[in-house]
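Structural overview for review
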Amino acid sequence: MHLIGYGNPGRCDDGLGQAFATRIAARNLPGIEVSTDYQLSVDHALMIAEAEQVVFVDALMHADAPFSFSSVQPVPSHDLSSHSLSPAAVLALAATLFDARPRAHVLGISGQDFGEVREGLSVLAEDNLRLAEAFFLEWLRNPQVQENMSGYAHA
């Protein structure tokens, strides 16, 4: 499995994806390769080409639940610039360029403070990060649940 946490840690809660990835990487879980970046780009298609499964992790704005978790399918993008791509566009590129079709999910973690240019997460984001991490670890331990969690939002 490849986990990609992305976002800008210099914009408060926008750094939730990278914070999550850092926490998972520190656990040294077998079979999980962890990457962090500011945004998804065409380079990530190659990065996931050999993976059987990929989880994209990012911050959520204006969400009703502490986190959401859903499957994602490839959707071609008409804008393949060097700027940020969606997880669906990265998957489409991996399929087109490398004939790679990993199972994929998006984990979005809710934050509230995205305006200031400063590092550090809000108290709410830290709480939601802990809840998302606990969910993810349980999801990893329980393979029967994996494919049934699509669209799950934890309240």
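Treat the numbers as computed from the prediction; the structure is a model and nothing was measured.

**A look at the nonpolar core**
Grouped together as the largest cluster of nonpolar side chains are 21 residues, with contacts concentrated most on L3, F20, V55, V57, L107, I109 and F136. Only helix 1 (16-26), strand 3 (53-60), strand 4 (67-71), strand 5 (103-110) and helix 4 (123-141) provide two or more residues apiece to this core. No other element matches helix 4, which puts seven residues into this core. Contact partners of L3, with chain neighbours within four places excluded, come to F20, A21, I32, E33, V34, S35, V55, V57 and F136.

**Brief notes about the environment of V123**
Topologically, V123 is positioned in helix 4. Judged by relative accessible area, V123 falls into the exposed class, the value being 64%. Separated by 10 residues in sequence, V123 and D113 have C-alpha atoms that sit 9.6 Å apart.

**Here we look at the confidence of the model for the chain**
Across the chain, pLDDT averages 89, with 87% of residues at or above 70. Within the model, the stretch residues 147-151 combines pLDDT values under 50 with 11 contacts to residues more than four positions away or in other chains.

**Side note on helix 3 (residues 87-98)**
Counted at 1.5 Å a residue, the expected span for helix 3 with its 12 residues is 16 Å, and the 16 Å between its end C-alpha atoms agrees. Across the 12 residues of helix 3, nine count as buried, placing the element largely inside the fold. For helix 3, the set of buried residues is P87, A88, A89, V90, L91, A92, L93, A94 and A95. Lining the buried residues of helix 3 we find strand 1 (2-6), helix 2 (43-48), strand 3 and strand 5. Directly beyond the C-terminal end of helix 3, a positive phi value near 50° is found at D99.

**A few points about the packing of aromatic side chains**
With the rule as written, the count across this model stands at five aromatic pairs. With a centroid separation of 5.1 Å and an interplanar angle of 35°, the aromatic rings of F67 and F135 are classed as tilted. Of this pair, F67 sits in strand 4 while F135 sits in helix 4; the two residues are 68 residues apart in sequence, bridging distant segments of the chain. For the pair F67 and F135, one class covers both residues: buried.

**A short note on the pairing of strand 3**
Across the eight residues that make up strand 3, a large majority, six, are buried. As paired elements, strand 3 and strand 5 share eight bridges and run parallel to each other. Its bridge partner being in strand 5, Q53 is matched across the sheet by R103.

About the thresholds
Residues numbered from 1 in each chain as written. Predicted model: local features only at pLDDT ≥ 70, side-chain atom pairs only at ≥ 80, totals over all residues. Heavy atoms only, no water. Core = buried A, V, L, I, M, F, W, Y, C linked by side-chain atoms within 4.5 Å. Buried < 20%, exposed > 50% of the residue type's maximum accessible area, 1.4 Å probe, protein only. Helix = DSSP H or I, 4+ residues; strand = E, 2+ residues; numbered from the N terminus. Contact = heavy atoms within 4.5 Å. pLDDT = per-residue confidence, 0-100. Expected span 1.5 Å × (residues − 1). Phe/Tyr/Trp six-rings, centres within 6.5 Å; stacked < 30°, edge-to-face > 60°. Pairing = 2+ DSSP bridges.

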